[in-house]
Structures are given as structure tokens and as C-alpha cells.
Amino acid sequence: MDEKKILLTTEGFKNLENELSNLKIVRRKDVAEKIKEARGQGDLSENAEYDAAKEEQAEIEARIVTIEKMLRNAEIIAEEEISSEVVSLGSTVKVLDIEFNEEKTYTIVGPAEANPKNGFISYESPLGVALINRKANETVEINAVDGIIEYKILELALKPSKN
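For the structure given in this document, a descriptive report is provided here. Residue positions within a chain follow its written sequence, with the count starting from 1. Totals for whole chains, interfaces and linings use all residues, but because this is a predicted model, local features are given only for residues with pLDDT of at least 70 and pairs of side-chain atoms are given and counted only at 80 or more. Side-chain measures here rest on the full set of heavy atoms in the structure, leaving out hydrogens and waters.

1. A short note on the sheet that holds strand β4 (residues 102–109)
We count it as follows: Any two strands are treated as partners once DSSP identifies two or more bridges connecting them. Each helix is a run of DSSP H or I of at least 4 residues and each strand a run of E of at least 2, with the numbering of both proceeding from the N terminus. Only the stretch in contact is used when fitting a helix axis, every axis being a line fitted to C-alpha atoms; angles between N-to-C directions are given from 0 to 180 degrees.
Strands sit in the order β5-β4-β3-β7-β6 across an open sheet of 5 strands; the sheet is mixed. In the strand order of this sheet, the two ends are held by β5 (120–122) and β6 (139–144), each with one partner. Between one strand axis and the next, the sheet turns by 45° as a mean value, whatever way the strands run.

Encoded structure:
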């Protein structure tokens, strides 16, 4: 069975490679040292430091597996494939929240790169879905829990902001 392709920008791919390297080289070593120190404290059955270190180790190993799978299934969207005419993966979009008269800037990325607090939204998110293939000066509607939110696309840029 084919695994789902993970769409990534070039920068997102590099970020995942860097995170993977850090997890394998730095974090694994750090947590191994924590486990070693906790073992030296004696009885492991009542050793909270040991339990915490083992839990951290499991989280690191799970993240390594997840990143390796993402990188294996990655499809990189090259900068030259990003349209300047319509919103697409890799586009940076300035929108106006019509209700609150607030301008916001988002970069459309794959789900693995999404970080909404820093302006990186997934093309699979409700706003991402609404924006994809739209042009500047178009208005899009998002069905939210509190009702419909309208955004006007003010401008498109090719260069994503830094994640």
C-alpha cells in the first residue's frame, strides 16, 4: 500500500532534516545520560527521574520515526512551482479579516510545517483550503464554530517568511 505523500517546501524539508539530526545526535545522547544518572540513584521502582527520562526517550524515538517517515514520503514543492497569480503551497498571503479590520500574513505550507502562531498554515486547514487557488482581491469565507469568517486576499508573495 502506498503511503500518503507529504508536501513540503524546500525550507520545511531542510528543517525536518535538521530536527532529525538534532534528535539522533544531541537529544538521544542527552537522554541516555539522564537515564544513566537516574540508574545510579538506586531503586528504579520509585525513581521519578528515571521514569521521566525513559518517557522522554520514548518521545524522542517516536518523533524520529515520524520524521523519517515524513522525509521518506516527502514531495518537495520547488520555488519555481509556486504561482504568483494564485495562492498555492509555498505562497505567502496577506489577508484582511473583514469583521475585525485586521491584516494578517500567512504562508501556506504542508501539514508537517504548519505553525499557525507563527503564520504558517496548512493547505489542509479550513483557511488554507479556502485560500488555495484564489487570487488577490478575492474574498473567502471560512465556516468557524462562531459563524462565518470572511477574509479578503490583499496580496500574494512568492517568498515565505521564515519558520
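2. A few points about the environment of Lys-24
Heads up, the rule is: What makes two residues a contact is simply this: any of their non-hydrogen atoms within 4.5 Å. Throughout this description, a polar contact denotes any pair of N or O atoms lying within 3.5 Å of each other; where both atoms belong to protein, one of them has to be capable of donating a hydrogen while the other can accept it, and for residues adjacent in sequence the pair is counted only when both atoms sit in side chains.
Checked against the element boundaries, Lys-24 lands in helix α1 (residues 10–39). In this structure the C-alpha to C-alpha distance between Lys-24 and Glu-61, which are 37 residues apart in sequence, comes to 8.7 Å. Beyond its immediate sequence surroundings of up to four residues, Lys-24 is in contact with Ile-64 and Glu-68. Looking at Lys-24, its side chain comes within polar contact range of the side chain of Glu-68, at 2.8 Å.

3. What about the pairing of strand β7 (residues 147–157)?
The pairing of strand β3 (residues 92–97) with β7 spans 6 bridges and is classified as antiparallel. In the strand pairing of β7, Thr-92 is matched with Ala-157. Here β6 runs beside β7; their pairing, made up of 6 bridges, is antiparallel. Paired with Thr-139 across the strands is Lys-152, a residue of β7. Connecting β6 to the antiparallel partner β7 that follows it, the hairpin turn spans 2 residues.

Distances and angles like these do not, on their own, reveal function.
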